[in-house]
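Breakdown of the fold
The primary structure of each chain is shown beneath.
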Amino acid sequence: MSDKISDKDKKDWETFLSQKEKLPNKDKNFIKQKRLIERSIDLHGYTLEQANDRIKNFIERGYYDGVNKLVVVTGKGLHSQNETDPFVSKELSILKYSVPNFIKNNKDLMKKINEFREADIRDGGSGAFYIYLKKLK
């Protein structure tokens, strides 16, 4: 192969660089547009048992319906009456802590989940979290 560049190639290159026209992005047609299907649930006011039952059904329904992202609003536990009871564990009785714990300890639910993440401020911040579900096989 020759290291010498012809005058025509140099001129073509200079012409190309001086133009403001952009090359078309051929890969753009092949990029898959990921369709994000999202559902949300608000667990404010539920007891632990009710919240756990609702979240279990919510995750399973979302998984079988092909939902990618679940937004779970638990609240921060600021208005919980459990803080005044010395015989009740604060972290186990407030939904913010108990619901993720319930999910993580349920092997059937965890098989359907890719990832947990704290929610953005627009979705509830520290009083909510995201669940990203796997695809149904």
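Up top is the structure.
Not measured: the values here are computed from a predicted model.

1. Thoughts on the environment of Val72
By secondary structure assignment, the location of Val72 is in strand 2 (residues 69–73). As a C-alpha pair, Val72 and Arg39 span 33 residues in sequence and 8.7 Å in three-dimensional space. Beyond its immediate sequence surroundings of up to four residues, Val72 is in contact with Ile41, Leu43, Ile55, Gly127, Ala128, Phe129 and Ile131.

2. Topic: the side chain of Lys112
For Lys112, the location among the structural elements is in the loop between helix 5 (107–110) and strand 3 (113–118). Buried charge Lys112 goes without a salt bridge, the closest partner of opposite sign being Glu60 at 4.6 Å. From its side chain, Lys112 meets the backbone oxygen of Asp108 in a polar contact 3.4 Å long. Apart from the residues within four sequence positions on either side, Lys112 is in contact with Glu60, Tyr63, Tyr64, Leu133 and Lys134.

3. Some details on the pattern of salt bridges
Any two side chains of opposite charge can pair, so long as their charged atoms come close to each other. Counted according to the given criterion, the structure contains 6 salt bridges. Of the charged contacts in the structure, one is a salt bridge between Asp65 and Arg39, with a shortest N-O distance of 2.9 Å. Of the two residues, Asp65 sits in the loop between helix 2 (48–64) and strand 2 while Arg39 sits in strand 1 (residues 38–42), which places them 26 residues apart along the sequence. The partly exposed category is assigned to Arg39, whose relative accessible area is 31%. Across the pair Glu115 and Arg117 runs a salt bridge, and its minimum N-O distance is 2.9 Å. Under the relative-accessibility criterion, Arg117 is labelled partly exposed at 41%.

4. As for the packing of aromatic side chains
This model, assessed by the stated rule, comprises 4 aromatic pairs. Ring centres of Tyr63 and Tyr64 lie 5.1 Å apart, and the angle between their planes is 75 degrees; on these two criteria the pair is classed as edge-to-face. Residue Tyr63 is classed as buried on the basis of its relative accessible area, which comes to 11%. Relative to Phe129, the ring of Phe116 lies with its centre 5.9 Å away and its plane at 40 degrees, an arrangement referred to as tilted. Taken together, the residues Phe116 in strand 3 and Phe129 in strand 4 (residues 128–133) connect sequence positions 13 residues apart. For Phe116, a relative accessible area of 22% puts it in the partly exposed group.

The rules behind these values
Residues numbered from 1 in each chain as written. Predicted model: local features only at pLDDT ≥ 70, side-chain atom pairs only at ≥ 80, totals over all residues. Heavy atoms only, no water. Helix = DSSP H or I, 4+ residues; strand = E, 2+ residues; numbered from the N terminus. Contact = heavy atoms within 4.5 Å. Buried < 20%, exposed > 50% of the residue type's maximum accessible area, 1.4 Å probe, protein only. Lys, Arg positive; Asp, Glu negative; His and termini not counted. Salt bridge = Lys/Arg side-chain N within 4 Å of Asp/Glu carboxyl O. Polar contact = N/O pair within 3.5 Å; in protein donor to acceptor, adjacent residues only side chain to side chain. Phe/Tyr/Trp six-rings, centres within 6.5 Å; stacked < 30°, edge-to-face > 60°.

Any link to function would need more than the numbers given here.
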